[in-house]
Amino acid sequence: MNASEIRALLDEPACHHNHKEKSGCARPKPGATAGGCAFDGAQIALLPIADVAHIVHGPIACAGNSWDNRGAKSSGAALYRIGMTTDLSETDIVMGRSEKRLFHAIRQAIETYRPAAVFVYATCVTALMGDDLEAVCKAAAARWGVPVIPVDAAGFYGTKNLGNRLAGEAMFKYVIGTREPDPPPAHPAGIPTFDVNLIGEYNIAGEFWRVAPLFDELGLRILGSLSGDARFCEVQTMHRARATMVVCAKAMLNVARKLRENHGVPFFEGSFYGVADTSRALRDFARVIGDAGLAARVETLVAREEAKADAVLQAWRARLAGKRVLLYTGGVKSWSIVSALQDLGMTVVATGTKKSTEEDKARIRELMGEDAKMIDDGSPQNLLATFHDHGADILIAGGRNLYTALKARIPFLDINQEREFAYAGYDGMPELARQLALSIESPVWRAVRQTTPWRSGIGCRESGIEKTPPGAKTAEIRKTVKALSVTPLKSSQPLGAALAFLGLARAVPLMHGSQGCTAFGKVFFVRHFREPIPLHTTAIDQISAIMGADENIIEALRVQAGKNHPDIIGLLTTGLSETQGADIRRALKAFRAAHPAHADMAVVPVNTPDFSGCLETGFALGLEAIIDALVPPSRHAGRRPKQVNVLASSMLTPGDVEAVKEWVEAFGLHPVVLPDLADALDGHLTEAEFSPLTLGGTPRAEIARMGESAATLVIGASLDKAADILRQRTGVPDVRFGGLLGLAACDAFTAELARISGQPVPPGLERQRDQLRDAMVDCHFMLGFARVAIAADPDLLAMFSRFIDDMGGETVAAVTPVRAEILAALPVREIIVGDLEDLERRAGEADAQLLIGNSHTTETARRLSRPLLHAGFPQYDLIGGHARAWMSYRGSRQALFDIANLLQANANHVPGIHQSLYWRGSPRAFEGAALATCAAASC
């Protein structure tokens with residue numbers, strides 16, 4: 001394309017402000033912030049034509065860097081989603097083989113994909129080489145009988161806006177007017193049909209499907225669209241329309257003008273963003289077409305839709321009214337989004353005009369007043385300065401500015417072609433309002449903006465376990481009343497106590513019950529940890545169950561002492577022995593009297609009946625008994641100023657314990673973790689031979705020295721009583737934390753370690769904290785307003801529900817196996833003490849988007865067709881679940897990524913595909929049938 005042709009496109013006669021500079025078509029300046037080029041603009045304009053093979057002729061950069069980055073959606077054909085390029089090599093360029101390569105590329109595209117047409121895009125390299133695109137395309141079309149259209153829009157020709165016009169010029173020159181439209185089918189309501197065009201509507205995120213049903217209802221057949229959800233054969237017929245609506249920034253105003261001049265098709269400018277603009281666009285169609293019946297139908301439809309929209313938007317207006325917006329986009333959005341925001345009662349403090357024409361600026365002044373603040377400089381520095389100078393609450397812009405805003409901790413909404421949400425039409429406004437509220441109201445901003453605790457001097461000793469303040473609204477806790485527990489969530493107390501002993505060195509849990517009690521527990525732990533598990537039984541049989549089983553205990557202890565020589569045995573009751581009335585302490589005294597040679601072996605008795613509590617309470621009972629039995633009373637607290645105790649509840653995985661130990665050690669402190677599952681069950685290979693005892697864990701000698709520590713850090717509210725016992729026996733002060741998932745909890749733990757050690761926070765932890773904050777702002781789009789269902793023991797339920805709340809989500813269904821004091825303070829409306837059947841019912845009723853639970857929840861998630869985040873005991877269908885680290889800055893960050901990915905992968909923001917009544921008998925109808933067949937076959 002020569003310079004005079006480019007000047008003609010820039011000097012568009014249809015621009016009413018033709019005597020002024022065409023700011024939307026201004027030439028790029030060296031050193032300026034990168035914007036789209038003419039090639040980019042041409043692709044944007046034409047790629048949504050879905051049944052065309054789009055070939056980029058040039059080296060890899062143009063196609064490789066831009067492939068599949070558009071949000072345009074198709075109702076059927078998806079050829080436009082396949083990236084195609086000639087991928088020219090150095091040899092092709094030097095030897096002049098690029099035209100030949102293009103010819104063969106066109107042949108391959110036609111023979112492989114059977115496209116309705118082929119579009120070939122010139123790039124800077126091929127334009128500079130002088131490749132004759134038109135000649136190659138003409139020869140290929142003649143050879144294979146398929147239209148092959150050259151799109152001469154090399155990047156160095158100019159801006160994205162110019163590229164849009166170049167694409168339009170190619171359509172008018174080679175495509176429009178080459179076919180006559182098919183007769184429309186009869187309208188079900190018996191009303192006449194009027195053919196119309198849309199130019200510059202790209203069906204981003206499928207948003208035009210929110211508007212298309214209105215067209216069908218009014219009797220408006222969309223003859224051709226440039227180019228959202230378009231087909232080649234429809235673009236060919238655009239010359240027969242009764243009216244054209246130019247939607248986007250007059251980007252292809254040249255097409256509208258030529259349709260008017262050459263074919264008598266009038267056009268007007270409009271927008272489908274906002275209630276008022278959508279109504280105006282429909283009225284303008286009726287006005288331009290000039291049909292009284294159509295005008296009457298439009299008024300009836302507008303009255304109905306505006307009333308429905310107003311009712312839905314009232315609640316959102318109450319939340320958004322008065323919020324201040326900095327809008328930085330261009331073209332039609334520079335004023336059409338202003339109208340939509342004003343519909344919501346928001347104030348636009350400034351709007352960008354980098355790609356806007358003088359007509360766009362006139363519309364801005366009409367909406368915002370003559371003194372409207374317009375921004376042409378979109379540099380990050382200028383945007384941030386303007387945001388703060390005008391006291392804005394949110395920045396609305398394109399994806400290029402997303403992370404500029406997020407890094408500055410500024411609420412952001414993406415409005416450009418990469419977005420995932422549909423905002424057009426009456427039905428799009430509530431989605432726009434929802435996304436605005438999601439970003440503006442997110443609690444993430446308060447969290448990431450606040451001063452770092454250890455820098456501000458604010459104490460963190462009270463920031464661990466949240467207590468319910470007097471008079472505060474508490475969660476309603478209800479126990480389901482039913483005789484049958486279905487898909488039980490609960491695991492037994494003996495199992496929990498056994499887990500506590502599995503974290504001690506050279507230990508063995510011994511269950512006082514029938515052989516099956518231990519066998520089932522062993523399988524449970526083996527499947528979860530994928531490790532050999534030392535778990536033994538007193539093997540109560542029929543006779544000992546009736547006559548008494550003290551001898552079973554004595555014999556089992558004797559066998560273990562003589563054969564395996566454990567340092568510690570955890571003697572645990574079961575439902576059988578508790579029902580029998582067994583007195584394990586009496587049996588233990590009898591063992592001591594009968595076998596004094598084993599006096600140095602510690603035996604810790606724990607009453608853990610199956611018919612009470614759950615795994616978490618059994619674990620807590622085990623820890624209370626261990627402290628009572630193995631920590632001697634003393635008043636030497638602080639004798640070891642660099643030693644700290646860590647009481648770790650059952651919700652901590654071995655990965656969590658490992659992370660906590662590294663966290664403590666980063667401050668030069670020595671952690672004594674009780675129990676240390678990281679050392680015992682983290683899944684590492686050793687050179688040691690098989691042992692019937694635990695390999696690794698907290699040594700008995702270290703437990704005995706816990707009374708000499710500087711402090712005790714308690715993780716999990718279920719360990720409150722254990723912490724009380726330790727403090728009363730030793731005088732060691734403690735600090736308690738509900739969990740270490742999320743920024744606030746991690747900050748509180750870090751600040752406490754800094755206080756205890758007297759050391760500054762290590763730079764590595766500071767960096768991990770910054771990474772977590774960055775992840776919070778990155779993920780708040782997905783987690784904000786997310787509806788989550790959680791099934792877990794109380795400690796884990798509390799930790800996750802607070803984490804979800806901190807990110808702006810909502811726990812809409814919460815189920816736990818037992819009551820606990822911590823539950824009342826949770827940010828949850830209702831907590832059910834029940835089973836997974838209860839979770840399935842509540843999650844379904846509340847339309848939960850994500851489930852959090854153990855492996856038993858997998859089938860529940862499958863039946864609900866919802867993703868599952870594995871957490872808690874047991875995890876037998878997820879490799880490495882037991883090693884997962886939740887509790888730390890890094891663990892919290894990974895949890896955010898995992899939850900966001902699960903939500904994003906299973907989200908469907910796109911409106912339902914609209915199958916127009918005017919597609920009957922057309923190729924579109926066959927596309928729709930093929931799509932339905934594919935969906936039924938899950939392909």
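Higher on the page you've got the structure.
As the structure is a computational prediction, the values presented were derived from the model and not from experiment.

The next thing to look at is the nonpolar core. Membership of the largest hydrophobic core comes to 88 residues, with the highest contact counts inside it found for Phe749 and Phe800. Setting aside residues up to four positions removed in sequence, Phe749 forms contacts with Val660, Trp663, Val664, Leu713, Ile715, Phe737 and Leu740.

With the exception of glycine, the majority of residues adopt a negative phi angle, and the majority of peptide bonds are in the trans configuration. Cis geometry is found at the peptide bond from Leu674 to Pro675, where omega equals -10 degrees. Among the secondary structure elements, Pro675 is positioned in the loop between β20 (670-674) and α29 (677-681). Cis peptide bonds are those with omega within 30 degrees of zero, and the linkage from Phe873 to Pro874 qualifies with -10 degrees. One can find Pro874 in the loop between β27 (868-870) and α37 (889-905). We note that Asp229 has phi near 50 degrees; this positive angle belongs to a residue other than glycine. With respect to the helices and strands, Asp229 occurs in the loop between β6 (220-227) and α10 (232-235). Of note in the backbone geometry, Arg530 takes a positive phi value of approximately 55 degrees without being a glycine. Within the fold, Arg530 resides in the loop between α22 (515-529) and β16 (536-537). Here Arg530 falls in the partly exposed class, since its relative accessible area comes to 40%.

This part takes up the sheet that holds β20. The four strands are arranged β20-β19-β21-β22 in an open sheet whose pairing can be described as parallel. The sheet terminates laterally at β20 and β22 (734-737), the two strands that pair on one side only. With strand direction ignored, the average angle separating the axes of adjacent strands in the sheet is 20 degrees. By the bridge criterion, four bridges tie strand β21 (residues 709-715) to β22 in an arrangement that is parallel. Bridge pairing in β22 links Val714 to Arg736. Relative to β22, helix α31 (residues 720-730) is tilted by about 175 degrees, and along the sheet it contacts β19 (640-648), β21 and β22. Sitting on the sheet, helix α32 (residues 743-757) touches β19, β21 and β22, and the angle it makes with β21 is about 175 degrees.

This next bit is on the packing of aromatic side chains. Counted under the stated rule, the structure contains 18 aromatic pairs. Between Trp663 and Tyr889, the aromatic rings sit 5.8 Å apart at their centres with planes inclined by 50 degrees, giving tilted as the arrangement. Here Trp663 is found in helix α28 (residues 654-665), whereas its partner Tyr889 is found in helix α37, with 226 residues between them in sequence. Taken as a pair, Trp663 and Tyr889 share a single burial class, namely buried. One aromatic cluster is present, formed by Phe208, Phe215, Phe268, Phe272 and Phe285 through successive ring pairs. One residue, Arg527, lies across the ring of Tyr876, its end atom 4.0 Å from the ring centre.

Attention shifts here to the pairing of β20. Counting buried positions along β20 gives four out of five residues, so the element sits mostly inside the fold. Note: β19 against β20, five bridges, orientation parallel. Within the sheet, the bridge partner assigned to Val646 lies in β20 and is Val673.

Together, Glu658, Glu662, Glu665 and Asp679 make up a region of like negative charge exposed at the surface. Sort the elements by how many residues they give to the negative patch and α28 lands first, with three residues. Tracing the sequence through the fold places Asp679 in helix α29. Accessibility expressed as a relative area gives 33% for Asp679, which makes it partly exposed.

So, how was this worked out
Counting restarts for each chain, with residues numbered from 1 along the sequence as it is written. Thresholds applied to this predicted model are a pLDDT of at least 70 for local features of residues and 80 or more for the giving and counting of side-chain atom pairs; totals over whole chains, interfaces and linings are not thresholded and use all residues. Side-chain metrics in this entry use all non-hydrogen atoms of the structure; hydrogen atoms and water are not considered. What we call a nonpolar core is a set of buried Ala, Val, Leu, Ile, Met, Phe, Trp, Tyr and Cys residues that are connected through their side-chain atoms within 4.5 Å. Note on exposure labels: buried denotes an accessible area under 20% of the residue type's maximum, exposed denotes more than 50%, and partly exposed covers the range between, all computed with a 1.4 Å probe on protein chains only. Whether two residues touch is decided by their heavy atoms; if any such pair falls within 4.5 Å, the residues are in contact. Runs of E in the DSSP output that reach at least two residues are strands. Runs of H or I that reach at least four are helices, and both are numbered from the N terminus. When DSSP locates at least two bridges between a pair of strands, those strands are taken to pair. Angles run from 0 to 180 degrees between N-to-C directions of axes, and those axes are lines fitted to C-alpha atoms, restricted for helices to the stretch in contact. For Phe, Tyr and Trp, rings pair up if their centres lie within 6.5 Å, where Trp contributes its six-membered ring, and each pair is then called stacked (planes under 30 degrees apart), edge-to-face (over 60) or tilted (otherwise). Only Lys NZ and Arg CZ are tested; either one counts as a charge over a ring when it is within 6 Å of the ring centre and within 35 degrees of the ring normal. Surface patches are drawn from residues lacking salt bridges whose relative accessible area is over 30%; two like charges belong together within 9 Å, two nonpolar side chains (Val, Leu, Ile, Met, Phe, Trp, Tyr) within 5 Å. Reported accessibility uses the Shrake-Rupley method at a 1.4 Å probe radius. Residues are deemed covered only where the shown protein chains occlude them. Between Lys or Arg on one side and Asp or Glu on the other, a salt bridge is scored when a side-chain nitrogen of the former is within 4 Å of a carboxyl oxygen of the latter. Residues scored as charged are limited to Lys and Arg (positive) and Asp and Glu (negative), so that His and the chain ends carry no count. Charge positions come from single atoms, namely NZ of Lys, CZ of Arg, CG of Asp or CD of Glu.

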